[in-house]
Amino acid sequence: MNNTRKSGILLSVSSLPSKYGIGDFGKNAYKFVDQLIACGSSVWQILPLNPNGPGNSPYQAYSAYAGDTLYISPEVLATWGLLSTSDLLNRPAFEGLQVDFDKVSLWKASILQIAFQNFENNKNEALQNEFNHFKNEHDWWLNDYALYIACKKRFDGQSWNQWPSDIAKREPAALEQYTLMLANVIVYEKFCQFLFFKQWFSLKNYANQNGVQIFGDLPLYVALDSSDVWANQEFFMLDKAGNPLWVGGVPPDYFSEDGQLWGNPVFDWEKLAETQYQWWHARLYFNFHLFNLVRIDHFRGLESFWAIPANAVTAKEGKWMPAHGAAMLDILYQRMGKLPIIAEDLGLITPEVDALRIQFDLPGMKVLQFAFASDAQNEHLPHNLSTNCVVYTGTHDNDTLKGWWGNNSADERKMVRTYVKASRGCISARLIEMAWASVAKLAIVPLQDLMEMGSEGRMNTPGTATGNWRWRYLPRQLMLPQLNFLKMLNDQYNRK
């Protein structure tokens, strides 16, 4: 980020309005960019776009590179001649305020099959040339991903470490055999990725050309059941059968008294070092191309990480292990200079983690919902912020401001009332204004807070495996007065 004071809205693409059960890269995504421009903000922060894994979590994806095909807009496919009007009309009745992932997935899969058949039958030369170029440009990750998905379908959805050992261990003869056997499924999966990225870059380019930056999110870990672990087993702490020896998580914290046990395999940093961290650099370069800014989720895991025995019942049983984040980022910094990274440095942060962030001049995060649980020295309070940070009213892991306020302790509510002078307006509006008035380079508000939603608007509750990531809004819920309020704050506090 440069020194211009900026502001933005946090909104998952999945939460956008749509007739098709989930937000996508269609007209409402472009409309949201226009709404950001109208209120004078220049940053749209999103959640990861990768294929959702178990629990529909974007932080447990089947690939660190592939896009979730649920975000492909059917209406845009129709403009490309890949779907007809009748294909769009022949859809289930989708719920407006919640994503029904199973229903959406089944219907989207059916229309993508139709789009693929039309692509093959119509022989659109320009589109075919684009597809061929895409396959050549992305073959370094796309070939592994498409084969992984094809095999996963072949073996009834089983994780790769449950497949026959020859293909699980990627023996050359098995790779060749399954690539030939599953050729039709593989080309279809590659085609779906082509559609995803063609639509995504059209949207990103529109945003950038109109002065809006896309702020993406990169989970530190990847899922065990992913093309990344299958294709790079040597870079993870696994046993000979492909099972994790240690898994990631965090010790007891604000969100959970038992800590959080995520289940992701942890990195073998010594093996990564032998390659000069090429796997990490490829992943970061890819994300720098996808987004203008990149938040590294669980940044502290680049300094040291909480490793939990794979058979542990809770995260309490873990221990700290060292990571090589400084060495990995230093190589990148020598090549690129200033890195477009935001460090998610929430939770148990040590001086060593702070030193890593400061070494590369990376902005950290401050969250106003965490500011009132102690005293005037709390690092999240506006008067303690530095310019080199991103201030939030809350994140996707927090309750909404309205929900948080309703569940506060009496002592915390008293401190909030004293600090924000609640008599001058509702708590949500006052806290948003405090974020905008702060010295932080970038101020972000989740759309739910701007809309003054209660806990029904919460996106995720850490430590729970089901019922998350489903929130959506209807067009009529985002009203002009809310956007005008944000415009007033941008004008008053010199943010763009």
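Everything quoted here is computed from the prediction, not taken from an experiment.

Caption draft 1: Structural view of the sheet that holds strand β3 (residues 213-219). Overall, parallel pairing links the eight strands, which are arranged β9-β6-β3-β2-β1-β12-β11-β10 in an open sheet. Every other strand in the sheet has two partners, leaving β9 (341-343) and β10 (364-367) as the edge strands with one partner each. Adjacent strand axes in the sheet meet at a mean angle of 25° when their direction is disregarded. Together, β3, β6 (293-297) and β9 form the strand contacts of helix α11 (residues 278-290), whose direction differs from that of β3 by roughly 155°.

Caption draft 2: Expanded view of the sheet that holds strand β4 (residues 246-250). Ordered in space as β5-β4-β7-β8, the four strands form an open sheet in which the pairing is antiparallel. Single-partner strands in this sheet number two, and they are β5 (260-265) and β8 (319-322). Here the average twist between neighbouring strands, direction ignored, is 50°. Judged from the four bridges that link them, strand β7 (residues 304-309) and β8 form a sheet pairing that is antiparallel. Within β8, the position partnered with A307 by the bridge is K319.

Caption draft 3: Spotlight on the packing of aromatic side chains. By the definition in use, this model includes 48 aromatic pairs. Plain terms: the ring middles of Y65 and W140 are 5.0 Å apart, the flat faces sit at 80° to each other, and that makes the pair edge-to-face. With Y65 in the loop between β2 (43-45) and α2 (74-79) and W140 in helix α5 (residues 125-154), this pair connects stretches of sequence that are 75 residues apart. By relative accessible area, Y65 is classed as buried at 6%. The interplanar angle of 55° and the centroid separation of 6.2 Å between the aromatic rings of W269 and Y277 together place this pair among those described as tilted. Considered together, W269 and Y277 belong to a single accessibility category, that of buried residues. Taking the ring centre of W80 as reference, the NZ or CZ of K198 above it sits at 4.9 Å. Residue placement shows R283 over the ring face of W280; its charged tip is 5.1 Å from the ring centre.

Analysis parameters
- Residues numbered from 1 in each chain as written.
- Predicted model: local features only at pLDDT ≥ 70, side-chain atom pairs only at ≥ 80, totals over all residues.
- Heavy atoms only, no water.
- Pairing = 2+ DSSP bridges.
- Helix = DSSP H or I, 4+ residues; strand = E, 2+ residues; numbered from the N terminus.
- Axes fitted to C-alpha atoms, helices over the stretch in contact; angles between N-to-C directions.
- Contact = heavy atoms within 4.5 Å.
- Phe/Tyr/Trp six-rings, centres within 6.5 Å; stacked < 30°, edge-to-face > 60°.
- Buried < 20%, exposed > 50% of the residue type's maximum accessible area, 1.4 Å probe, protein only.
- Lys NZ or Arg CZ within 6 Å of the ring centre and 35° of its normal.

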